[in-house]
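# Overview (structure and organization)
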Amino acid sequence: MILNLFRIERAMLQQKYSILIQKIPDLKSQEFLSNHCTFRIGGPADLFWNCSDINLLPEFLKITKNLEIPYFIFGGGSNILFDSNGFRGLVIKITDSNFEFINSSAPFLKASAGARMALLAKESFSKKLTGLEWANGLPGTLGGAIYGNAGCHDCEIADLIENVTLYDFEKGIFEVKKDYFDFKYRDSKLKKTKEIVLKATLKLKNTNTDLKKSKEAVNFRAEKQPWGFTTGSFFKNPEGDSAGRLIDSVGLKGYQIGEAKISEKHANFFMNLGHATSDDILKLRALAKEKVMANFGIELEDEIIIVNS
Ligand SMILES: Cc1cc2nc3c(=O)[nH]c(=O)nc-3n(C[C@H](O)[C@H](O)[C@H](O)COP(=O)(O)OP(=O)(O)OC[C@H]3O[C@@H](n4cnc5c(N)ncnc54)[C@H](O)[C@@H]3O)c2cc1C
C-alpha cells in the first residue's frame, strides 16, 4: 500500500518534471550535487539548473512553484551540506556573475547574486577602492554572503549594502535598503522570508585599497584554517566564546566518523576526507552538540545550511 502510494507520487512528480523540462532550457537531470559544493557531498538532484541569467529566475521559479515542484536555490555551495541521497525536485545554482562599477557621489559596485565575493574583492582592489579587503579569499557568492551576512576580521557584508533587489512570489521583484535585512552575526531576515537575492549594490570608498589588510585576510586563512573539502565554520560562535574552543575542550579535535573528521587544525571545521556521506557529517554534528551541551550547557547553533532530500 505504502509502496504503491510512493510509486504514484513519483509518477506524478515525473509528469511535472516533463512539463518543466519543456519550459526551462538547459535543465539537467540526475546532476550530482557533490560537484557543486565545497564539502563535495551530495547525491543526484532530480533536476538541476545553472542560472546564468538572473533575469530569467523569477519567471522560471513561478512555473516551478505553480507545478508544486520542491526547489532549492544556492550560489557557491560553500556553506551547505547536501544530502547524499540527493534532492527530489529542482536545484538551482545561481551563476550569473555580472558586475559593474558605478561612479557617482561614491563608488558603487553593482553585481548579480552569483558574483564571486573573492573576485569582487580583487576587482575593487584593481580600481584602488576600499571596503572588500576582508573578503579577499572568501568562498561563495554575493547572494550567499547577504543571506548569511558573511564576514570576518570584524567586517561583514552588511557594512557595505547600499541596496538589494529581491524576489518573492507574492511581492514580485522589489528593492530594499540595508535596514530591511535585520542583519545580525551570520544572520539576515532572508533565513526566515526565503526571499531571493537577484542583485545588490555595494558602497565602497575612494580611500585606496588597504593592501596590508587584504593580504592579512588571505594569510590568516592559510595559517589558521585547514585546507580540504569543508564548509568553513560549521557552528556559529556562541556569544563571548568560540565553537572551535568548545569542541576542542570536549576532546573532539581530530575525531572521525566514517570519512568525516573534525579538523586537527581548527575544531569548528568539519572535513570530508574524500568519501564522507551527509550521515557521517550529521553524526559528528550530533556528537559535538551533545558533548558541548553536557559539558558547558551551551547549545551550538549551525552556521551551515543543511539541505534535506
Ligand atoms: C574554507 C572556507 C572558509 C570560509 N570562511 C568564511 C568566513 O570567514 N566568513 C564567513 O562568513 N563565511 C565563511 N565561509 C562560509 C561561506 O563562504 C559563506 O557563508 C558564503 O557567504 C556562502 O556563500 P555561497 O554562495 O557559497 O552560499 P551557498 O552555500 O551556496 O548557500 C548558503 C545559503 O545561502 C542561500 N543563498 C545562496 N544564494 C542566495 C540568493 N541569491 N538568494 C537567497 N539565498 C541565497 C542558500 O539557499 C543557502 O541557504 C567559509 C567557507 C569555506 C569553505
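Residues numbered from 1 in each chain as written. Predicted model: local features only at pLDDT ≥ 70, side-chain atom pairs only at ≥ 80, totals over all residues. Heavy atoms only, no water.

Next up on the list: the nonpolar core. Counting residues in each nonpolar core, the largest one holds 57 residues, and the members touching the most others are L57, M117, L132, W134 and I146. With 5 residues, strand 12 (residues 196-203) is the largest single contributor of residues to this core. Counting residues domain by domain, this core receives three or more from each of domain 1 (2-94) and domain 2 (99-203). Those residues within four positions of L57 in sequence are excluded, and the remaining contacts are W49, C51, I92, I94, I196 and L198. (Core = buried A, V, L, I, M, F, W, Y, C linked by side-chain atoms within 4.5 Å. Buried < 20%, exposed > 50% of the residue type's maximum accessible area, 1.4 Å probe, protein only. Helix = DSSP H or I, 4+ residues; strand = E, 2+ residues; numbered from the N terminus. Domains from an automatic or database assignment. Contact = heavy atoms within 4.5 Å.)

Let's shift gears to the environment of K171. As for its position among the elements, K171 is in the loop between strand 10 (161-168) and strand 11 (172-176). The sequence separation of K171 and K212 amounts to 41 residues, and the corresponding C-alpha distance is 43 Å. Among all residues touching K171, those that are not within four sequence positions of it are Y180 and E195. Within polar-contact distance, the side chain of K171 engages the side chain of E195 at 2.9 Å. (Polar contact = N/O pair within 3.5 Å; in protein donor to acceptor, adjacent residues only side chain to side chain.)

What follows is about the site of the ligand. Around the ligand, the structure places 33 residues, and the nearest of them are I73, G75, S78, T141 and G151. Between the ligand and the protein, one listed contact pairs an oxygen atom with a backbone N or O atom of I73 at 2.6 Å. Take G76: an N or O atom from its main chain is 2.8 Å from an oxygen atom of the ligand. Here the ligand has 970 Å² of accessible area as a free molecule, and 92% of this is covered by the chains. Counting residues per element, the ones that place at least two in the shell around the ligand are strand 3 (71-74), helix 4 (142-148), strand 8 (151-152), strand 12 and strand 13 (229-233). Considering each element in turn, the shell around the ligand owes the most residues, 4 residues, to helix 4. Taken together, the residues of the shell around the ligand break down into 15 nonpolar, 15 polar and 3 charged. (Near = heavy atom within 4 Å. Areas by Shrake-Rupley, 256 points an atom, 1.4 Å probe, with all protein chains shown as cover. Nonpolar A, V, L, I, M, F, W, Y, C, P; charged D, E, K, R; others polar.)

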